[in-house]
Amino acid sequence: MESLELVVAVAAAVLVTGWIARRTSLSEPLLLLGAGCLMGLMPPFEAVTLSPEMVLLLFLPALLYWEALTSSVREIRHNLRTIALQSTVLVLATALAVAAVAHAFGYPWPLALVLGAVLAPTDAAAVAAVARAMPRRILTVLRTESLLNDGTALVLLAVAIEIVAEDAPFSWAGTSVRFIESYAGGIAVGVAVALLLRWVRRRLGDPLLHSVLSVATPFFAFLPAELLHVSGVLAVVTCGLVSSRYGPRVISPHARVQATAFWEVASHLLNSALFVLVGMQLPAAVRALTSTDLLQAVAVALAVSAAVVGTRFLWFYSVPYAVRLVDRRPVQKARRIGAAQRLPLAWAGMRGAISLAAALTIPAVTAEGRPVEHRDAIVFTTVVVIVVTLAVLGPTLPAVVRRARSDADDEQTAESVLAQRHLSAAALSALPALARRYGVEGDTVARLERDIGDRVQGGEAALRSHRAHQLEAALLQVKRQALTELRDAGHIDDIVLRGVQDVLDAEDVRLSLKAARMPVMTGAPIAEAAPPRSV
């Protein structure tokens, strides 16, 4: 009954805060944190603890998979160096900066490094919740960084906890090997699972089964990676990125519409629930604080918060300039951004539930049975840093984006127009042959020629016969194929593909519903269009 009460209370908090956020200018993540904090003060929920296993094994794979599935592979490839540096070197730099601050306040170096690893990664859910208004390139860099840096931080945390709990000696060589094994192994598992599921999807006909597979995919990728002791985070992210490439060819429109609707609701609910659960831990963290007094703990937490934010700012206003001195290629010069445009990247350093889950995985005692000192203070510091970064950086990020005055994403608009025109041209080119194939002629063909452009924009046109319905379904197949080819050639982005694809999918679903309502025709059988294989 207590678990049911928690589920109902969290769902109610998500609904109420979402309603308030949409009618005010208040930050939704901040409202969710506040609601969680209030719930944590109530007697029924005082003992509720956020389980690290629930976050790392249930929430994390699902959220990472959806974020990866909706990312732009092309933009990731174009910004790979930046993303790689931010998801590895910046994570290590942040961990060392936090460890130095904690050590200055009396933490032993091993425990200080544990705290650094806990707070090093940005949070995918927190970034996604506040960074939607950014230009495509900056948003892709931030989202991908937050997807990948968890893997770096969790490997570093495992090494640091091993030192603390088992008194194991630290070895740069051994740690480097673990990083390489974790990264390479996670990527290999992700690719293998994605390719295996591609084979499975080609043999699934029922849209409902496709949706079930979509829900299970992140866990199919995460579990074998964890069993092999490589990065489950990278396995899920890689699987999502590979799946986003082959998806348009093997997933039917019905299955995609169904799965997309589920994932949009599920990801919002999981993100929001995590913010509420994190907020609930603040009163519990204060109550559990026994190794130091509250004033000292707050001072440490604020100093660590400054280190987390300051390191990120220092990185974005130093490392890119150093890279410029080395890489003078014209293609890189063309992609440079100014100091003002870099500010949103530096500002988006929010921490979230992943850091808290990581802190809660710290064992209470060592292998010899001795209590791990400062564990309660580490959990408290983590909660405070999460609250500070979300409360200070999150609500002000939209203003920072506006102040940066980034150029409008004209490239994305131009690519969308290109996609629409290319699809119309492909459909018009195929129309005469398809009309002869399905026995449609005269006014119907002329009407379709006039209406193709309008229907690409989502317009409606009535179907007068089963033959016309088949013709339109076949034309949609031509458009989907042309759209995928345009993406594969690099002329449009994955994000543009999905925007146009949503229109085509909605149109396909409308045609299917219309056909289901048509009276059954008698007479000679009508040749059926080939089943759609691209999205």
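The structure we're discussing is the one just above.
So, a few notes on the structure that sits alongside this text. Not measured: the values here are computed from a predicted model. (Residues numbered from 1 in each chain as written. Predicted model: local features only at pLDDT ≥ 70, side-chain atom pairs only at ≥ 80, totals over all residues. Heavy atoms only, no water.)

Some remarks on the overall build of the protein chain
Argument step 1. A count of helical and extended segments in the protein chain gives 22 helices and zero strands.
Argument step 2. In the protein chain, which comprises 535 residues, the proportion classed as buried is 51%.
Argument step 3. Long-range contacts, defined as pairs at least 24 residues apart, comprise 82% of the intrachain contacts of the protein chain with a sequence gap of at least 6.
Argument step 4. On the protein chain, roughly 23900 Å² of surface is accessible, and the fraction owed to carbon and sulfur atoms is 66%. (Helix = DSSP H or I, 4+ residues; strand = E, 2+ residues; numbered from the N terminus. Buried < 20%, exposed > 50% of the residue type's maximum accessible area, 1.4 Å probe, protein only. Contact = heavy atoms within 4.5 Å. Areas by Shrake-Rupley, 256 points an atom, 1.4 Å probe, with all protein chains shown as cover.)

Brief notes about the packing of aromatic side chains
Argument step 1. Scanning the model with the defined rule gives four aromatic pairs in all.
Argument step 2. Here phenylalanine 262 and tryptophan 263 contribute two aromatic rings whose centre-to-centre distance is 5.6 Å and whose plane-to-plane angle is 70 degrees, an arrangement assigned as edge-to-face.
Argument step 3. Exposure remark for phenylalanine 262: the relative accessible area of 40% places this residue in the partly exposed category.
Argument step 4. Seen in terms of ring centroids, phenylalanine 313 and tryptophan 347 are 5.7 Å apart; in terms of plane orientation they differ by 75 degrees. Their pairing is edge-to-face. You can see phenylalanine 313 sitting in helix H13 (residues 294-316) and its partner tryptophan 347 sitting in helix H16 (residues 339-347), a full 34 residues away along the chain.
Argument step 5. Feature note: the residues Tyr65, Trp66, Phe262 and Trp263 constitute an aromatic cluster, connected by ring pairs. (Phe/Tyr/Trp six-rings, centres within 6.5 Å; stacked < 30°, edge-to-face > 60°.)

Quick word on helix H11 (residues 232-250)
Residues lying three or four places apart along an α-helix face the same way, a consequence of the helix completing one turn every 3.6 residues.
Argument step 1. Over its 19 residues, H11 runs 25 Å from end to end, which matches the ideal 27 Å to within 8%, given 1.5 Å per residue.
Argument step 2. The largest bend along H11 measures about 40 degrees and falls at serine 244, with the proline proline 248 one to four residues further on.
Argument step 3. Burial analysis of H11 places 16 of its 19 residues in the buried class, which makes it a mostly covered element. (Expected span 1.5 Å × (residues − 1). Bend = angle between axes of the 7 residues up to and from the residue.)

A few points about the environment of tryptophan 347
Argument step 1. Residues tryptophan 347 and valine 400, spaced 53 residues apart in sequence, show a C-alpha to C-alpha distance of 7.8 Å.
Argument step 2. Aside from chain neighbours lying at most four places away, what touches tryptophan 347 is Phe313, Val392, Leu393, Thr396, Leu397 and Val400.

Here we look at the nonpolar core
Argument step 1. Core analysis: the biggest nonpolar cluster contains 126 residues, and Val114 and Val304 have the highest contact counts within it.
Argument step 2. With 13 residues, the single largest contributor to this core is helix H8 (residues 136-166).
Argument step 3. Once you skip the residues sitting within four places of it in the chain, valine 304 turns out to touch Val98, Val101, Leu115, Leu119, Thr381 and Val385.
Argument step 4. Of all hydrophobic cores here, the second largest spans 13 residues; its members include Ala430, Leu434, Val445 and Ile452. (Core = buried A, V, L, I, M, F, W, Y, C linked by side-chain atoms within 4.5 Å.)

Let's talk about the packing of helix H3 (residues 52-69) against H11
Argument step 1. At a minimum axis separation of 8 Å, H3 and H11 run at an interaxial angle of 35 degrees. Seen along the crossing, H3 lies across H11 with a hand that is right-handed. For the pair formed by H3 and H11, the contact residues are Leu60, Pro61, Leu64, Tyr65, Ala68 and Leu69 on the first element and Val233, Val236, Val237, Cys239, Gly240, Leu241, Ser243 and Ser244 on the second.
Argument step 2. A class-by-class count of the residues in the contact of H3 with H11 yields 11 nonpolar, three polar and no charged. (Axes fitted to C-alpha atoms, helices over the stretch in contact; angles between N-to-C directions. Left-handed = near helix turned anticlockwise from the far one by under 90°. Nonpolar A, V, L, I, M, F, W, Y, C, P; charged D, E, K, R; others polar.)

Let's talk about unusual backbone geometry
Argument step 1. The phi angle at histidine 229 is positive, at roughly 60 degrees, despite the residue not being glycine.
Argument step 2. Of note, histidine 229 is situated in the loop between helix H10 (207-227) and H11.
Argument step 3. Although it is not a glycine, histidine 374 sits at a positive phi angle of roughly 70 degrees.
Argument step 4. As for its position among the elements, histidine 374 is in the loop between helix H17 (353-360) and helix H18 (375-404).

Re the side chain of serine 272
Argument step 1. You can see serine 272 is positioned in helix H12 (residues 253-287).
Argument step 2. With a relative accessible area of 3%, serine 272 lands in the buried category.
Argument step 3. Residues in contact with serine 272, not counting those within four places in the same chain, are Val14, Glu28 and Leu32.

Some details on the pattern of salt bridges
Argument step 1. Inspection of every chain in the model, using the stated rule, returns 12 salt bridges.
Argument step 2. Here glutamate 75 makes a salt bridge to arginine 74, at a shortest N to O gap of 3.7 Å.
Argument step 3. Note on glutamate 75: relative accessible area 6%, which makes it buried.
Argument step 4. The partner of aspartate 488 in a salt bridge is arginine 249, with the nearest N and O atoms 2.2 Å apart. Of this pair, aspartate 488 sits in helix H21 (residues 466-488) while arginine 249 sits in helix H11, and the two are 239 residues apart along the sequence.
Argument step 5. With relative accessibility at 34%, the residue aspartate 488 sits in the partly exposed group.
Argument step 6. Residue class for arginine 249 comes out partly exposed when judged on its relative accessible area of 27%.
Argument step 7. What you see here is one network of salt bridges that share partners, running through Arg245, Arg249, Arg487, Asp488 and Asp494. (Salt bridge = Lys/Arg side-chain N within 4 Å of Asp/Glu carboxyl O.)

What about a nonpolar patch on the surface?
Argument step 1. A grouping of Leu4, Val7 and Val8 is seen on the molecular surface, where their side chains present a nonpolar patch of about 290 Å² in accessible area.
Argument step 2. Along the chain, valine 7 falls in helix H1 (residues 2-23). (Patch = residues over 30% accessible without salt bridge, like charges linked within 9 Å, V, L, I, M, F, W, Y side chains within 5 Å.)

A short note on the environment of serine 51
Argument step 1. Here serine 51 shows up in the loop between helix H2 (28-40) and H3.
Argument step 2. Exposure remark for serine 51: the relative accessible area of 26% places this residue in the partly exposed category.
Argument step 3. Along the sequence, serine 51 and alanine 357 sit 306 residues apart, while their C-alpha atoms lie 7.0 Å from each other.

The quantities given are spatial measurements derived from coordinates; they are silent on function.
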